[in-house]
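# Structural features, examined
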Amino acid sequence: MLSRIADVLVPAVGRLTVTADAGAAFAPGSVIAANHTSLADPAVVLAALRRLGVEPVVLATAGLWRIPLFGRALAREGHIPVHRGDRRAADSLSGAAEALSRGRIVLIYGEGGLPRRRDAGEAAPEPFRSGLARLVQHTGAPLVPLGQAGARRITSGSRTKQVAGLVTAPLRRPGLHVHIGAPVVLTGDGTDRTAHAHAAVTAAWRTAAERLGEPVVPAA
């Protein structure tokens, strides 16, 4: 359902293009790691993946499961709630591991949250949390890095600006780009694996931003 909705909505608010590295592939039981910049980018990513024939299980904030009907649909389709700052936080990785064991493809955001910036520009992914590397190490799943750019042109900034951006996006139709990297094998200890995953997603994001000609915010 999420992928189908995204496939309908995203073309209405922006111009989506998709590229991939040579060797990019989605083997059953793969983990897709994406950068997270906007409330709009999950829809952008899902629409791009559906074009490639992929409808992943998504790890998403648990608050979505409290929305009537929508939450039931998420549960029915096997998507996984993430309870941040809660003793149930580890359950999301267990759920992801189970989905991978059944051959599902899992989409995870290594940053674990949105940037606090209020501008609409692009910036490199923020540091990753350890959960992504632990999931890959525990399951042996291939890691497919994904970079997206342009979603902050749909919605970013204060709540007022986000609403205004979403309302005007069908008129502005900003460019959106998703780039898929070739699968990578994470090596080393947990810190090294996390850094390796971050570097791979950053490279994919940089390709996406360059394809759009988006200005990049310097690192703090």
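Read on for an overview of the structure. (Residues numbered from 1 in each chain as written. Predicted model: local features only at pLDDT ≥ 70, side-chain atom pairs only at ≥ 80, totals over all residues. Heavy atoms only, no water.)

## A few points about the nonpolar core
Counting 29 residues, the largest nonpolar core has Leu 16, Ile 32, Leu 107 and Leu 146 as its most contacted members. Elements that contribute at least two residues to this core include exactly α1 (2-13), β2 (31-34), α2 (41-51), β3 (57-61), β5 (106-109), β6 (143-149) and β7 (175-180). The element contributing the most residues to this core is α2, with 6 residues. Each residue touching Leu 107, except ones within four places of it in the same chain, is listed here: Ile 32, Ala 34, Val 45, Leu 46, Pro 56, Val 57, Val 58 and Leu 59. Counting 24 residues, the second largest nonpolar core, distinct from the first, contains Val 57, Ala 97, Leu 100 and Val 184. (Core = buried A, V, L, I, M, F, W, Y, C linked by side-chain atoms within 4.5 Å. Buried < 20%, exposed > 50% of the residue type's maximum accessible area, 1.4 Å probe, protein only. Helix = DSSP H or I, 4+ residues; strand = E, 2+ residues; numbered from the N terminus. Contact = heavy atoms within 4.5 Å.)

## Some words on the pattern of salt bridges
Throughout the structure, instances matching the rule amount to 4 salt bridges. Of the charged contacts, one joins Arg 50 and Asp 7 as a salt bridge, the two residues approaching to 3.1 Å between their closest N and O atoms. One end of the pair, Arg 50, is in helix α2; the other, Asp 7, is in helix α1, with 43 residues separating them in the sequence. Across the salt bridge formed by Glu 214 and Arg 153, the nearest N and O atoms sit 3.1 Å from each other. Separated by 61 residues along the polypeptide, Glu 214 in the segment after α7 (190-212) and Arg 153 in the loop between β6 and α6 (159-172) bring together distant segments of the chain. Where salt bridges share partners, they join Asp 7, Arg 50 and Glu 55 into one cluster. (Salt bridge = Lys/Arg side-chain N within 4 Å of Asp/Glu carboxyl O.)

## Observations concerning the layout of surface pockets
Of the pockets and cavities examined, the largest pocket occupies roughly 1300 Å³. Around the largest pocket, the lining comprises 46 residues; the ones closest to its centre are His 36, Pro 42, Ala 60, Thr 61 and Leu 64. Where the lining of the largest pocket is concerned, the elements lending two or more residues are α1, α2, β3, α3 (70-76), α4 (89-101), β5, α5 (131-139) and α6. Looking at the lining of the largest pocket, the element that brings in the most residues is α1, giving 6 residues. Considered class by class, the residues forming the lining of the largest pocket number 29 nonpolar, 13 polar and 4 charged. (1 Å grid on protein atoms, 1.4 Å probe; cavity = no way out; pocket = protein on both sides within 12 Å on 5 of 7 lines; lining within 4 Å. Points joined across faces, edges and corners; volume = space filled by probe spheres on them. Nonpolar A, V, L, I, M, F, W, Y, C, P; charged D, E, K, R; others polar.)

## Remarks on α5
Turning to α5, its buried residues number three or more, namely Gly 131, Leu 132, Ala 133, Leu 135 and Val 136. Of the residues one or two after α5, Gly 140 is the one with positive phi, at around 70°.

## As for the packing of α5 against α7
One can describe the packing of α5 onto α7 by two numbers: an axis separation of 8 Å at closest approach and a directional angle of 105°. One finds that α5 runs roughly perpendicular with respect to α7. Together, Leu 132, Ala 133 and Gln 137 of α5 and Gly 190, Arg 193, Thr 194 and Ala 197 of α7 make up the contact between the two elements. Across the contact of α5 with α7, the residue classes tally to 3 nonpolar, 3 polar and 1 charged. (Axes fitted to C-alpha atoms, helices over the stretch in contact; angles between N-to-C directions. Parallel < 35°, antiparallel > 145°, perpendicular 65-115°, else oblique.)

## Topic: the sheet that holds β5
One open sheet accounts for 7 strands, arranged β1-β7-β6-β2-β5-β3-β4; its pairing is mixed. Here the strands that pair on one side only, and so sit at the sheet edges, are β1 (15-20) and β4 (80-82). Ignoring which end each strand starts from, the neighbouring axes of this sheet average 25° apart. Taken strand by strand, α5 contacts β2, β5 and β6, and its axis lies near 165° from that of β2. (Pairing = 2+ DSSP bridges.)

## Description of a nonpolar patch on the surface
Together, Ile 5, Val 8 and Leu 9 make up an exposed nonpolar region whose accessible area comes to about 270 Å². One can find Ile 5 in helix α1. A relative accessible area of 36% means that Ile 5 is categorised as partly exposed. (Patch = residues over 30% accessible without salt bridge, like charges linked within 9 Å, V, L, I, M, F, W, Y side chains within 5 Å. Areas by Shrake-Rupley, 256 points an atom, 1.4 Å probe, with all protein chains shown as cover.)

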